[in-house]
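Structural overview for review
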There are 2 protein chains.
Amino acid sequence: MALGELPADLILKNGKIVDVFTESVFEADVAIVDGCIAGVGSYDKAKEILDVQGRYIAPGLINAHCHVESSMARPEAYVKEELRWGVTTLITDPHEIANVMGSEGIRYMLKAGGHMPINYYVEVPSCVPATPFENSGCIMHAAEMAELLKEEGVLGFGEMMNVPGVLMGDSEVMQKLRTYQEAGRVIDGHAPCVTGKQLQGYISAGINTDHEIISWAEAKEKLRSGMAALVREGSASHNLKAIIEGVVREQVAVSRMAFCTDDKHLADIKREGTIRHNIKMAVELGMKSEQAIAIGSFNAARIYGLKHLGAVAAGYQADLVVFNDLVEFVPWRVFHKGQDAWKLADEAEWLEPGARLKGSVNIGGELSEASFSLEHFSATKTYPVIEMVAEEIITEHGKIAGSEIFEALERNELCLIAVVERHHATGNVGLGLIRGYGIKNGAAATTVAHDSHNLIVVGTSPRDMLLAVQALEGSQGGYTLVEQGKVIDLLPLEICGLMSSAKGDELNEHLERISQKAYTMGVNPLVDPFISLSFMALPVIPRLRITDMGMFDVERFQFIK
Amino acid sequence: MALGELPADLILKNGKIVDVFTESVFEADVAIVDGCIAGVGSYDKAKEILDVQGRYIAPGLINAHCHVESSMARPEAYVKEELRWGVTTLITDPHEIANVMGSEGIRYMLKAGGHMPINYYVEVPSCVPATPFENSGCIMHAAEMAELLKEEGVLGFGEMMNVPGVLMGDSEVMQKLRTYQEAGRVIDGHAPCVTGKQLQGYISAGINTDHEIISWAEAKEKLRSGMAALVREGSASHNLKAIIEGVVREQVAVSRMAFCTDDKHLADIKREGTIRHNIKMAVELGMKSEQAIAIGSFNAARIYGLKHLGAVAAGYQADLVVFNDLVEFVPWRVFHKGQDAWKLADEAEWLEPGARLKGSVNIGGELSEASFSLEHFSATKTYPVIEMVAEEIITEHGKIAGSEIFEALERNELCLIAVVERHHATGNVGLGLIRGYGIKNGAAATTVAHDSHNLIVVGTSPRDMLLAVQALEGSQGGYTLVEQGKVIDLLPLEICGLMSSAKGDELNEHLERISQKAYTMGVNPLVDPFISLSFMALPVIPRLRITDMGMFDVERFQFIK
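What counts as what
Residues numbered from 1 in each chain as written. Chains lettered and ligands numbered in written order. Predicted model: local features only at pLDDT ≥ 70, side-chain atom pairs only at ≥ 80, totals over all residues. Heavy atoms only, no water. Helix = DSSP H or I, 4+ residues; strand = E, 2+ residues; numbered from the N terminus. Rg over C-alpha atoms; globule rule 2.2 N^0.38 Å. Contact = heavy atoms within 4.5 Å. Areas by Shrake-Rupley, 256 points an atom, 1.4 Å probe, with all protein chains shown as cover. Lys, Arg positive; Asp, Glu negative; His and termini not counted. Charge placed at Lys NZ, Arg CZ, Asp CG, Glu CD. Buried < 20%, exposed > 50% of the residue type's maximum accessible area, 1.4 Å probe, protein only. Pairing = 2+ DSSP bridges. Axes fitted to C-alpha atoms, helices over the stretch in contact; angles between N-to-C directions. Buried area = accessible area lost by both parts, 1.4 Å probe. Salt bridge = Lys/Arg side-chain N within 4 Å of Asp/Glu carboxyl O. Polar contact = N/O pair within 3.5 Å; in protein donor to acceptor, adjacent residues only side chain to side chain. Nonpolar A, V, L, I, M, F, W, Y, C, P; charged D, E, K, R; others polar. Least-squares fit on C-alpha atoms with pLDDT ≥ 70 in both. Parallel < 35°, antiparallel > 145°, perpendicular 65-115°, else oblique. Left-handed = near helix turned anticlockwise from the far one by under 90°.

Looking now at the overall build of chain A. Counting secondary structure elements, chain A contains 17 helices and 27 strands. In terms of C-alpha radius of gyration, chain A reaches 25 Å, essentially the compact-globule figure of 24 Å for 561 residues. In terms of its C-alpha atoms, chain A occupies a principal-axis envelope of roughly 85 × 50 × 45 Å. Considering only intrachain contacts with a sequence separation of at least 6, the fraction spanning at least 24 residues in chain A is 68%. Total accessible area on chain A stands at roughly 19700 Å², and carbon and sulfur atoms take up 49% of it. For chain A, the centre of its 50 positive side-chain charges and the centre of its 75 negative side-chain charges are spaced 2 Å apart.

Moving on, we come to the environment of A:Ala58. Residue and element names in this part refer to chain A. By the element assignment, Ala58 lies in strand β5 (residues 56-59). For Ala58, a relative accessible area of 0% puts it in the buried group. In this structure the C-alpha to C-alpha distance between Ala58 and Val18, which are 40 residues apart in sequence, comes to 5.0 Å. Apart from the residues within four sequence positions on either side, Ala58 is in contact with Val18, Ile293, Val312, Asp319, Leu320, Val321 and Phe323.

Turning our attention to the sheet that holds strand β24 (residues 486-492) of chain A. Residues and elements named next belong to chain A. Strand order in the open sheet formed by eight strands is β18-β17-β20-β19-β22-β21-β23-β24, and the pairing between neighbours is mixed. On the outer flanks of this sheet lie β18 (395-401) and β24, each paired with one strand and no other. The sheet shows a mean angle of 25° between the axes of neighbouring strands, direction not considered. Alignment of strand β21 (residues 442-446) against strand β22 (residues 455-459), held across four bridges, turns out to be antiparallel. Residue pairing across strands places Ala444 opposite Val458, the latter belonging to β22. Seen against the sheet, helix α15 (residues 462-475) touches β19 (415-420), β21, β22, β23 (478-483) and β24 and runs at an angle of roughly 145° to β23.

What follows covers the interface of chain B and chain A. On the side of chain A, 37 residues touch chain B, which itself brings 37 residues to the contact. Of the roughly 3100 Å² buried where chain B meets chain A, counting both sides, 55% is carbon and sulfur surface. At the junction of chain B with chain A, the criterion picks out two salt bridges. With its nearest N and O atoms 3.4 Å apart, the salt bridge here joins A:Asp19 to B:Arg224. Taken together, chain B and chain A are joined by 16 residue pairs in polar contact (both at pLDDT 80 or more). Broken down by secondary-structure element, the contributors of at least two residues to the side of chain B that touches chain A are β2 (24-33), β3 (36-41), α6 (196-204), α7 (216-224) and α12 (298-303) of chain B. At six residues, the largest contribution of residues to the side of chain B that touches chain A is made by α6(B). Class assignment of the residues belonging to the side of chain B that touches chain A gives a composition of 17 nonpolar, 13 polar and seven charged.

Moving on, we come to the pattern of salt bridges. Think of it this way: side chains of opposite charge can pair up when their charged atoms draw near. Residues and elements named next belong to chain A. With the rule as written, the count across this model stands at 69 salt bridges over all chains. Among the salt bridges present, the one from Glu76 reaches Arg74, with a minimum N-O distance of 3.8 Å. With relative accessibility at 0%, the residue Glu76 sits in the buried group. Arg543 is the salt-bridge partner of Glu555, the closest N and O atoms lying 3.0 Å from each other. In this pair, Glu555 is assigned in the loop between β26 (550-553) and β27 (558-559) and Arg543 in the loop between α17 (531-535) and β25 (544-547), connecting sequence segments twelve residues apart.

Under the fitted operation, chain B is carried onto chain A by 0.0 Å of movement along the axis and a turn of 180°, and the coordinates agree to an RMSD of 0.1 Å. In symmetry terms, the pair is related by a two-fold rotation axis. Judged by C-alpha distance, B:Ser255 is the residue of chain B that lies nearest the rotation axis, at 3.5 Å. Most of the interface of chain B is mirrored in chain A, where 100% of its interface residues are also at the interface.

With that settled, the discussion passes to the packing of helix α8 (residues 240-250) of chain A against helix α10 (residues 275-284) of chain A. Residues and elements named next belong to chain A. In the contact formed by α8 and α10, the axes pass within 10 Å of each other and the chain directions differ by 45°. Here α10 runs oblique to α8, going by the angle between their axes. Crossing geometry of α8 relative to α10 is assigned as right-handed. Residues Leu240, Lys241 and Ile244 of α8 form the contact with α10, whose participating residues are Asn278, Met281 and Ala282.

Structural data, given as structure tokens:
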């Protein structure tokens, strides 16, 4: 068929081919057979001919690092939005669900995403739980991680967040890394601000990529040191501008760069896409369109060893996006294995998650109003206070005298905050204080609480806090708001307490609605009512956090007694 | 050791690192441990510190495609010259020896090269013999080629010269390609002038590279089609200028380009090196030094899937070349796995080839003067004549009346030429006529005769031709000159009739001497006495050739009766 002697399944006629090898454009047709590209040139014989009328035929885009669960949509819903904007390959790290449900959760993501018309790859989460200072739903050891190597769709090893463990040569960390290295797989890094000799040590352990780069200087050091730089543009992290400005200014080679989103909300993806948005931004910053597309496709494929993906050339899988132009990068058609990906996605059946996945919220012990009572605080002692910082996820480390807590709560200057262990019904509750959240006469709670995803609740009264916890136990996860003894809203996230079962737009609409309600209840307009809250439990980001085991001083790496 | 806490084996201090990832240079030390790079940065603790005094530390160079046998030196001697000029990785195709001795020859090359301080990789020859129109020493089938996949050092599949076989989907060709493709190995192409749909078809069969590119237009088409372009600069083929001028003019991405030599004589390598010469030429044509080095190292490593090679970064094998400058590119030191490669090469023991390898010349039948007699020509018929073309290896198709042969020989306008089967003592002799060689009153003969390496002899009298054949049978291969009934020179090439056993400079000196003698005997100064002769037997290059089976019309693809 490449010779043009037999009819192809489909010919895309009259295209401008985005050539990611030389980073240029040329005119040709694309002949497709059995899901592969048979030839690029002048072709006429086919069962079906689609005239693209001079539009640009680019390789399907690759999102090199993303967390599907962070969208709160199920894999199927997430994939549909990615396809809409031209992404045909996802490299995902199911770190969130693994903290709730371990391998069972990872396998669900692989299956649910894997039957959609997209290349759905998983980097097996390397750090579950992320720290020993919290109780997650699951502890994954090296043997279990090795077992997952056999699963179809498992590509490599997820972001290695345990930088000290790597640098100290911790034996279990080394064993995990060795397993994936010996299998020839790509190991993702997570090395914010790691530079100099520490970076050399981290890389020596066999770690290949980093997506936590925030400046051009950092990008250059990491590239020079042999890492692939995944340039991130997500909902919260905006790193593309700084890095691409450097690339354009210094005109360096980009073959070791890819684009990613890490965490991006579904509403943002709907509005602007993922990798398409990164490409558009890069071009607006002065990068050549073809080079930006190469970063968003072929370069990512090479970094991850995906030899059959990322180019419009004979022998490659026929994953294609047809753009109207190379300015706005709006997809006109998207193909997965030579078929209309949008149509296939609309027709795809959704995988119903099993009962265990929808029954992940298990609260035990004798939870009562007393669990959140002020009686836990002595008037003669001083207590730490999490001070939220506007528009940031870091926190400051405040203090309050025990004798002043009651009045500060009355004046709405302070809230109670608690993390309730919700996986194994241990009854663990960590109770503390937070300033800067702002809710009045009520409580907000969520089962999305990085990275162990216990239940986190913030409020002004033990009664409303208890009610919020009970409401989320009832719904098996989600976001909720309680006002003066009444549940006024509840967004169910019943898949592992992380993702909605919704199939349409109701998730986005509900998210918008419940956030607005939270603000009307007094939540500080400079914080996100639920997303900011979900990070208050992450004991790796300075300075003060709360887990189900208590208030944690991140800088001293210890609990505050 | 990357952390600088424990001493490294060796530190190269005060270097300028050639960063092949971004294609730039920065100042740093390189710490080496256990043959690997532990870290690049500021290092002080080591068993040994070598101050490179601001010189440039680049990755060891990679010759992406070469035929060691074409140098007529044994692998050890060839490797020493490559190391001298900074090449630390060879990707070789032992096509010549395979035509004489099959797998046994390939295994000898792997062993002899493999114990030298270089990464010695083999692409298994795909076409042995190259055509069905000659009798080679060995016929290699798909099963034997698959067996070789298990050998350490076997990287992929050698240049697929059977373009028609690929395009027609010949079942054995397809089986061979599939074996290497399914093993995830790189398959080298050989596609001179193959373009358009034929190129698409050729690539669709899974062929990854081409080193036969002669123009920028061809390079661009092949790169766009997904092939890696191996830019060749050898003794006979000078393709670099045309291609690199195009790259510099159009400023295209080069990550899918590598440098190679294909066939390069030892004397030329001694004088200017291989990949070092390609790099120097590219820089003289306007390419940035760092980019040229990236093509000659990291890019080649990526094309061939050699993840541990081609960069100065933590985790990479410590194969390094220290250049005095990035203008002349003269190596100051070369390291293989962190050790002085020149010293190791000088100390290495040479592998003695077995008796069978040194006994490859077996001439049978009743060879006599009559085998080359004019009586084979009838006065009443017309005969084809190979017309040599000055400084080219193509030939023209001449004619002569049988009645005129004797006088033309007498006037030294014509020579007799013969190919004697020399592997299996079949007694096959192909006899013909050649114009433009020029030897007077004597004969020249060689057992190097592409690609089947039978014995080719040219001369003015049957007596001298017979003597030349007998002399080479006696020496078990080589080059020889016979003048008026006397062997006046003989350069032995007793390893498979292709390579010299010499260890020092005697090979080059002898080559120079025997060529000069040939010219004094009347050989046309515009042809090479032995190299040009060796191509007269290659039945794939237009227009007229001679094999042990007779005179062959390459364009009609048939013997001339």
